[in-house]
Each structure stands twice: as C-alpha cells, then as structure tokens.
Amino acid sequence: MTSDTDRLIERLAAEAEPVRRLRPPVLRAALWLAAVAAVLAAAILLFANLDVFARRAADPKLALELIFTLLTGILAIVAAFELSLPDRAAAWALLPLPSLALWIASSGYACWRHWIVYGPDGWAIGESADCFRFILGVSVPLAVSLVPLLRRAAPLAPVRVAAVGGLGVAAIAAFALQFFHPFDITIMDLAVHAAAVSVVVAAVAGAERAVGRRKG
Amino acid sequence: MGEQLEADRHWSLLMAAAQDGDRAAYERLLREIVPFIRAVVSRQHRARDRVEEVTQEVLLTIHRVRHTYDPARPFRHWLASIARRRSIDALRRRLRTEAHEIADDTAYETFADPAANRVVEASAARDGLGEAIAGLTPPQREAIELLKLRELSLAEASGLSGKSIAALKVNVHRAIKSLRQRLTGAEE
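Quick caveat: nothing in here was measured; it's all calculated off a predicted structure.

Here is what the cut-offs are and how they apply
Residues numbered from 1 in each chain as written. Chains lettered and ligands numbered in written order. Predicted model: local features only at pLDDT ≥ 70, side-chain atom pairs only at ≥ 80, totals over all residues. Heavy atoms only, no water. Helix = DSSP H or I, 4+ residues; strand = E, 2+ residues; numbered from the N terminus. Buried < 20%, exposed > 50% of the residue type's maximum accessible area, 1.4 Å probe, protein only. Areas by Shrake-Rupley, 256 points an atom, 1.4 Å probe, with all protein chains shown as cover. Expected span 1.5 Å × (residues − 1). Contact = heavy atoms within 4.5 Å. Patch = residues over 30% accessible without salt bridge, like charges linked within 9 Å, V, L, I, M, F, W, Y side chains within 5 Å. Salt bridge = Lys/Arg side-chain N within 4 Å of Asp/Glu carboxyl O. Bend = angle between axes of the 7 residues up to and from the residue. Polar contact = N/O pair within 3.5 Å; in protein donor to acceptor, adjacent residues only side chain to side chain. Buried area = accessible area lost by both parts, 1.4 Å probe.

**Quick look at the overall build of chain B**
Each helix and strand counted, chain B has 9 helices and 0 strands in total. Ordered by position from the N terminus, the helices and strands of chain B form the series α-α-α-α-α-α-α-α-α. Classification of the 188 residues of chain B by burial places 35% in the buried group. Carbon together with sulfur atoms contributes 54% to the accessible area of chain B, which is approximately 11800 Å² in total.

See the structure below:
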C-alpha cells in the first residue's frame, strides 16, 4: 500500500518535465479583456450608429447602467481567472455580484420608467428576439476563447469557474449590445437580456460539467 | 508557528525548483508532503487503504497542476486546498456509488468462495452432463475426456489415443456442439 505510493512518487518524479508557471491571474484577465476590447471596438466603429449611442449615453441613468454592465463583465472575468487557481478562496465568485445587482437595478429602473410612459405595450416582443440572438451570438466566440485559458489552470471546481466566466462573457455581450440598441430598455428587453445571460451561464457551466463527467 | 513558516518556505523552494525541472527536488518534496496529505485526507476517510488511495489521487493532481503554484504564495495553503478538494470529491464519488448500488447479502454469500460454488454447481450438473457425454459417439467421447475432462494438451491426447491432432480438434468441436444441444434441450 505505502510502497504503491512510493512507486507513484518515483514515477511522477521521473517524468517531471520543467513547467511554465502561469502568469498572475489579474494579468491574464487583463490581456484577455484587452484583446476582446480591441475586437469589439473595431466592430462597434464599423457597424454601430455612434450618434444615437452618444445621445442615449448622455442620460446619466443609462450611463450608469452601462458602467454597471461593463463592471460586472470585467469583475466576473477577473474572478474566473482567480477562481481557476487551486488556492483561491471560493469567495472570489462573489466579486461580480454587487455590480450585477446594480446592473439589474439600473435596467429595472429604466424599465419602470418605460412602463410609466408606454404601459403594457412594453411587453411587445419587437426587437427583443434580436437582442437574444445578439447576446448569444457574441457570447459564444467569447466563451470559446475564454474557456481554454481558464482550463489552463486545471481548476479544481471547473463548473463554478465556468459559471462565473459565463457571467463575464454574457455581461460583456450585453454591454456591446447597447451600441446596437437604439431604444430604451423595456421590461421585455430586460427579461430577454436576463434570459440570454442565464442561458450563457448555464451553457458554459453545463458544457464544463459534461466535459468533467466524461473525463471521469 | 515560526517552524511552520520555515517548513512552508522549504517546500516552496523545492516546488519552485521542481517547476524548473529539478527531479530530485520534486521527489523529495512529494515524499515530504505525503504525511501532510494523509492528515488532510483522514478527515474525510477512515479506512487506511482508502486514505492511501485518495492520497495517491492528490499526488497525481499536484503533478498535473504544478504549474499553477506561484512561489511567492504560501505552499501549504495551495497543497491543503488541492488535498481537501480531491478528498471531498472522492467522498462524493463514494456516496454516489453507494446510492446506486445495493449490498445483497445472499449474493455475497453465494459468490464469496467461487471454489465452493463450483463444487455445488458441478454436483448439480454432473448427472445431466454425464448422461450427455455417454450419448456422444465413441470418438467424440474420447476427445472430450482427454482434452476437457483430463485437460491434456492436443499433443498428449494425440499420443495417448493414436488419433491425429486434426481429428481430435474436429471431434471435440462436434462433441461440444452436441453437448450444448443436449444440455440446453434438456433444460427447456
């Protein structure tokens, strides 16, 4: 029994090649965020109507909503990179939650104002389906580029890491959506955005769990 | 406390050397941390062989994720996090298995000693099998007796019976086919 452990140690030591240490998680998160920012900025400059966006962003309430959305994305990505390391506290998962709450509150407030003006007409599905597709469509390539980086750290709790990473990706997609969303958010939009974010979080976490199960 | 800090620093240096490819430092580190891992694992697992099994899993995980250790941070905390996590995973796995498997005492009694089972089963089947063998043609019966009941090699059986190896093979094949038909037919 103990000699088994001895043999294992000998085998592991014999096959131990030099390894490259991971860079600090905040730096890795910053590099990924910078790459994503560059791609999104190019897409926004090429395709978005910035005049409409500038007019809408002049409203401090919308500006706040935008800030909280982006902050949620950035903090969730940093938290995911931290959490992917074995010795980081699970409490890192809480990092994006305050800004997530503020994001929900600020877009909820925008909905409420919309409700006062338009009443139940705000429930019309309208362009919401496009929003859903947009958030999912942007999230997929972001998640595909993020997950291998998180897996590089061989996380011990991969589903939690993937869920937090999924939140980051979806929040960044929702932020980018605002540049292509030339109208105030309605209750339907909010519901659709929330559904899209949840789908992304569940899909990334679910995929990670499935991979984990298959591996054993 | 100071001693622990010193030990942590020592392990941290060994791991940093191991990351750079120093195999001797790595082997020394793994040997030194085993008692610490066992202590962590023993909190979730009681049986000694179980503790050893999970300890080995922890060593494998450490090997796989050794690039994630940052020598600027405490080693003991990194190690304990991995050991605790793997130990809890192993416990969950065991509970999951136990939830899906039923311990059947009678099954256990029946199969505990396969040799005993063979004796019981053989005596139950002997009469039917003996009759079936008696019903074979003489060359088939001879082939079965030499090759299967006395477990001789083909060459030995050929030497004893004076038949060619090819003929013995053909006869034993036909005999088994015939026995199978008789025995399964008798059961139906």
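**Observations concerning helix α4 (residues 75–100) of chain B**
Residues and elements named next belong to chain B. Between the first and last C-alpha of α4 there are 38 Å, a value that for 26 residues agrees with the 38 Å anticipated at 1.5 Å per step. Listing the buried residues of α4 in full gives Phe 75, Arg 76, Trp 78, Leu 79, Ala 80, Ser 81, Ile 82, Ala 83, Arg 86, Ser 87, Asp 89 and Ala 90. Packed against the buried residues of α4 are α1 (2–19), α2 (23–41) and α3 (48–64).

**Describing a nonpolar patch on the surface**
All names here are of chain A. A surface patch of nonpolar side chains, amounting to about 360 Å² of accessible area, comprises Leu 46, Phe 47 and Phe 180. Relative to the assigned elements, Phe 47 resides in helix α2 (residues 25–47). Exposure remark for Phe 47: the relative accessible area of 64% places this residue in the exposed category.

**Overview of α2 of chain B**
In an α-helix, one turn spans 3.6 residues; hence positions three or four apart end up facing the same way. Residues and elements named next belong to chain B. For α2, spanning 19 residues, the distance from its first C-alpha to its last is 25 Å, which sits close to the expected 27 Å at 1.5 Å a residue. Maximum bend of α2: about 35°, positioned at Val 34, with proline Pro 35 one to four residues after it. Considered for burial, the residues of α2 that qualify are Ala 25, Tyr 26, Leu 29, Leu 30, Ile 33, Val 34, Phe 36, Ile 37, Val 40 and Val 41. The distance from a side-chain oxygen at the start of α2 to the backbone nitrogen of Ala 24 is 3.2 Å, and the residue carrying that oxygen is Asp 22.

**Let's talk about the pattern of salt bridges**
What the rule picks out here adds up to 17 salt bridges over all chains. A salt bridge links Arg 73 of chain B to Asp 87 of chain A, with the nearest nitrogen and oxygen atoms 3.4 Å apart. Of the two residues, Arg 73 of chain B sits in the loop between α3 and α4 while Asp 87 of chain A sits in the loop between α4 (60–83) and α5 (97–118), which places them in two different chains. The exposure class assigned to Asp 87 of chain A is buried, which follows from its relative accessible area of 3%. Salt-bridge contacts for Arg 38 of chain B lead to Glu 52 of chain B; the nearest nitrogen and oxygen are separated by 2.9 Å. Of this pair, Arg 38 of chain B sits in helix α2 while Glu 52 of chain B sits in helix α3, and the two are 14 residues apart along the sequence. Residue class for Arg 38 of chain B comes out partly exposed when judged on its relative accessible area of 23%. What makes Glu 52 of chain B buried here is its relative accessible area of 5%. Bridged by salt links that share partners, the residues Asp 6 and Glu 10 of chain A together with Glu 27 and Arg 31 of chain B form one connected network.

**Structural notes on the interface of chain B and chain A**
In this assembly, 33 residues from chain B lie in contact with 30 residues from chain A. Interface area for chain B against chain A, summed over the two sides, is near 3000 Å², with a carbon-plus-sulfur share of 58%. On the chain B side of the interface with chain A, the three residues burying the most area are Arg 23, Arg 31 and His 67 of chain B, jointly 21% of the side's total. Linking chain B with chain A are 5 salt bridges, by the criterion used here. Note that Glu 10 of chain A is salt-bridged to Arg 31 of chain B, the shortest N-O span being 3.5 Å. Connecting chain B to chain A are 17 residue pairs in polar contact (both at pLDDT 80 or more).

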